[in-house]
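Topology and contacts: notes
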Amino acid sequence: MNEHPGNYINGASVASESGERLDVYSPQTGQKCGTVARSGKVDVDLAASAAAAAQPDWAALRPIQRGRILMRIANFIRDHVAEFAEIEQRETGKQAAFVPNEIAGSADYFEMYAGLSNLPRGERIDIGEGYHCYTRREPYGVVGIITPWNGPLGQLARGLAPALITGNAVVAKPSEFTSGSALHLARAAAEHCGLPSGIFNVVTGLGQEAGAALVGHPLVRKVAFTGSVRAGRDIGHIAADRIIPLTLELGGKSPNIVFEDANLDEAIPGALRAIFPNTGQVCSAGSRLLVQRSIHDRFVAGLAEAAKAIKAGPGEGCVMGAIATRAQYDRVRSFYEVAERDGARLITGGAEVRDESWGEGWYVPLTIYADVRNDMRIAQEEIFGPILSVIPFDTEEEAIAIANDTEYGLSSGVWTTDLSRAHRLAARIHAGSVSINEYGTGEIEMPFGGFKNSGYGKEKGVAAMEAYTHIKAVKIKL
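Below, the structure is looked at part by part. (Residues numbered from 1 in each chain as written. Predicted model: local features only at pLDDT ≥ 70, side-chain atom pairs only at ≥ 80, totals over all residues. Heavy atoms only, no water.)

**Comments concerning the packing of aromatic side chains**
Here a ring pair, both rings aromatic, is described through the centre-centre distance and the interplanar angle of the planes. What counts is decided by this rule: Only Phe, Tyr and Trp rings are paired, with Trp represented by its six-membered ring, and only when their centres lie within 6.5 Å; those with planes under 30 degrees apart are stacked, over 60 edge-to-face, the remainder tilted. Comment: elements are numbered from the N terminus, with helices defined as DSSP H or I runs of at least four residues and strands as E runs of at least two. Think of it in three bands: residues with accessible area under 20% of the maximum for their type are buried, residues over 50% are exposed, and the middle band is partly exposed, with areas taken using a 1.4 Å probe on protein chains only. Sitting over a ring, as applied to charges here, requires NZ of Lys or CZ of Arg to be within 6 Å of the ring centre and within 35 degrees of the ring normal.
All chains considered together, the criterion is met by four aromatic pairs. With a centroid separation of 5.3 Å and 75 degrees between ring planes, the pair formed by Phe259 and Phe393 is classed as edge-to-face. Taken as a pair, Phe259 in the loop between β13 (255-258) and α9 (264-273) and Phe393 in strand β17 (residues 387-393) lie far apart in primary sequence, 134 residues in all. You'll find Phe259 and Phe393 in the same group, each marked buried. Directly above the ring of Phe259 sits Arg421, whose terminal nitrogen or CZ lies 4.1 Å from the centroid. Over the ring of Phe448 we find Lys460; its NZ or CZ atom is 5.0 Å from the centre of that ring.

Spelled out as structure tokens, the structure:
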């Protein structure tokens, strides 16, 4: 059981003011596997006040000193991968074989931003003789980070590391379903890595309670949120009233486009890798597969054959784990009926596939539909599960039109051996990321964030350091 005693505030575990607890369930069994504190305004105020009190001294450290602490956090994560993996695997239902790599990847954020600690920030501006003018990049102070359940430690690390290295203090509100790794990291950072008390605090609870209180707290001057469009809009309303900046990383319905000149031996497995990792619970998943009509039937047959090796379940040889929450499991399964009603043709998977080894676990098969039109619900709505919609197209212009015909704009992929076409599509697809001849946006060095309803602001790369600071202009008359 993952029994977490309370929040982590100002270097100590603290029970919530209400004393109430939230049950946490294992996606692999459907059974209760622990509890977390149900926090509210009082708990958020305690954490924000601790962060505000500690932040000035943290910001006053030399950047390289902050970098050394982040490097110690990176090393701690790598030295204790098994501990973090056990917590995360139990709460998310991911395949145990894959979780350690994700945990180790979380350490990379702290290492990278530690190495960027002395990156020059600010510039000198020439306005003429008699003046010395320059800009400074300064931390916001207290930053709120609200993370989802699909990649708990990784999603936290990508915001926490750049926020800390630039001199901010952080109050994090992880998903109530997957709070364990955030609490474990906060405790380790303070007790083993030298992070001063109050600089990283974790408050657990519900989004509409602890999350809303965090966004609305007067000491919190910047918020980063990853989650649904609905919740992003709610947070946006609160932030607009307070006039504070946001980084919003929301949903996606990303196009993955295969032209007839593509290397099909690479594109077929690449198209599957775009949808099945983390059981499709990836905001940037390539869930709309656009295939040029001249190769469509051959490509779909290749997908069906390759999909046989992608099995879901708890056993050895399975590469897809469970859906992380019961509500999401029910939502994913509801789209089988939606697809059938809209006239999509089932290629593999679907409602009839059920393995005895799944028991009461929240498992679903990799499911592929062909004959999908872009106006179907399975092509327009983010399902957040391993359901792939194959959409045919004839011309490059038609592919671009279909790709952009969505309310989202997070990621995309293009498979072609025509370099000119690759650059044309990279320029014309309305998405924050474009990958050519592979699919994926996992590199932490590259900025990541969406267009349209996929949100705004950037995580990852140097862009994230800019996102967690604001600019001050200084003018001196000589």
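Here the narrative resumes.
**A word on the sheet that holds strand β7 (residues 131-139)**
Quick note on the threshold: Two strands form a pair only when DSSP identifies at least two bridges running between them.
Read across the open sheet, the three strands follow the order β6-β7-β23; overall the sheet is antiparallel. In this open sheet, the two strands that pair with only one neighbour each are β6 (124-125) and β23 (469-477). By the bridge criterion, nine bridges tie β7 to β23 in an arrangement that is antiparallel. When the bridges of β23 are listed, Arg136 appears paired with Lys472.

**Notes on the packing of helix α3 (residues 81-92) against helix α4 (residues 99-115)**
Worth spelling out the cut-off: What counts as an axis is a line fitted to C-alpha atoms, over the stretch in contact for a helix, and the angles between N-to-C directions run from 0 to 180 degrees. Put simply, a crossing is left-handed when the front helix is turned counterclockwise from the back one by less than a right angle, and right-handed when it is turned clockwise. Two residues qualify as a contact provided that any one of their heavy atoms is within 4.5 Å of a heavy atom in the partner residue. Gly is put with the polar residues, along with every residue not named as nonpolar or charged; the nonpolar set is Ala, Val, Leu, Ile, Met, Phe, Trp, Tyr, Cys and Pro, and the charged set is Asp, Glu, Lys and Arg.
Remark: α3 packs on α4, axes separated minimally by 9 Å, with the N-to-C direction vectors making an angle of 120 degrees. Crossing of α3 against α4: the hand is right-handed. Mapping the contact onto sequence places Val81, Phe84, Ala85, Glu88 and Gln89 in α3 and Val99, Pro100, Glu102, Ile103 and Ala104 in α4. Looking at side-chain class alone, the contact of α3 with α4 contains seven nonpolar, one polar and two charged residues.

**A few points about the sheet that holds strand β14 (residues 288-292)**
If you trace the seven strands from one edge of the open sheet to the other, you get β15-β16-β17-β14-β13-β19-β20, paired in mixed fashion. In the strand order of this sheet, the two ends are held by β15 (345-348) and β20 (435-436), each with one partner. In this structure, β15 lies alongside strand β16 (residues 367-370), joined through three bridges in antiparallel fashion. Across the sheet, Thr348 pairs through a bridge with Ile368, a residue of β16.

**Some words on the nonpolar core**
Applied cut-off: Only buried residues count toward a nonpolar core, which is a set of Ala, Val, Leu, Ile, Met, Phe, Trp, Tyr and Cys residues joined through side-chain atoms within 4.5 Å.
In this structure, Leu70, Phe110, Tyr113, Leu160, Val170, Leu185 and Phe200 are the most contacted members of the largest nonpolar core, which totals 78 residues. When near neighbours in sequence (up to four residues on either side) are disregarded, Val170 contacts Val143, Ile145, Leu160, Ala163, Leu164, Ile199, Phe200 and Asn201.

**Considering the environment of His217**
Using the following cut-off: We call two N or O atoms a polar contact when they sit within 3.5 Å, provided that within protein one can donate a hydrogen and the other can accept it, with sequence-adjacent residues counted only if both atoms are side-chain atoms.
Here His217 is to be found in the loop between α7 (207-216) and β11 (220-226). Placed 172 residues apart in sequence, His217 and Asp45 show a C-alpha to C-alpha distance of 7.2 Å. Ignoring any residue separated from it by four or fewer positions in sequence, one finds His217 in contact with Val44, Asp45, Ala48 and Arg242. At a separation of 2.8 Å, a polar atom in the side chain of His217 contacts the side chain of Asp45.

**Overview of helix α10 (residues 296-307)**
Heads up, the rule is: Under the convention used throughout, the expected extent of a helix is 1.5 Å for every residue step, that is, one less than its residue count. Read the arc as the range of directions from the helix axis to the C-beta atoms.
Look at α10: 16 Å from first C-alpha to last across 12 residues, which is about the 16 Å you get at 1.5 Å a residue. Burial in α10 covers these residues: His296, Phe299, Val300, Gly302, Leu303 and Ala307. Looking straight down α10, one finds its buried side chains confined to an arc of 160 degrees; they lie on one side. For α10, the exposed residues set more than 90 degrees away from the buried face come down to Asp297 and Arg298.

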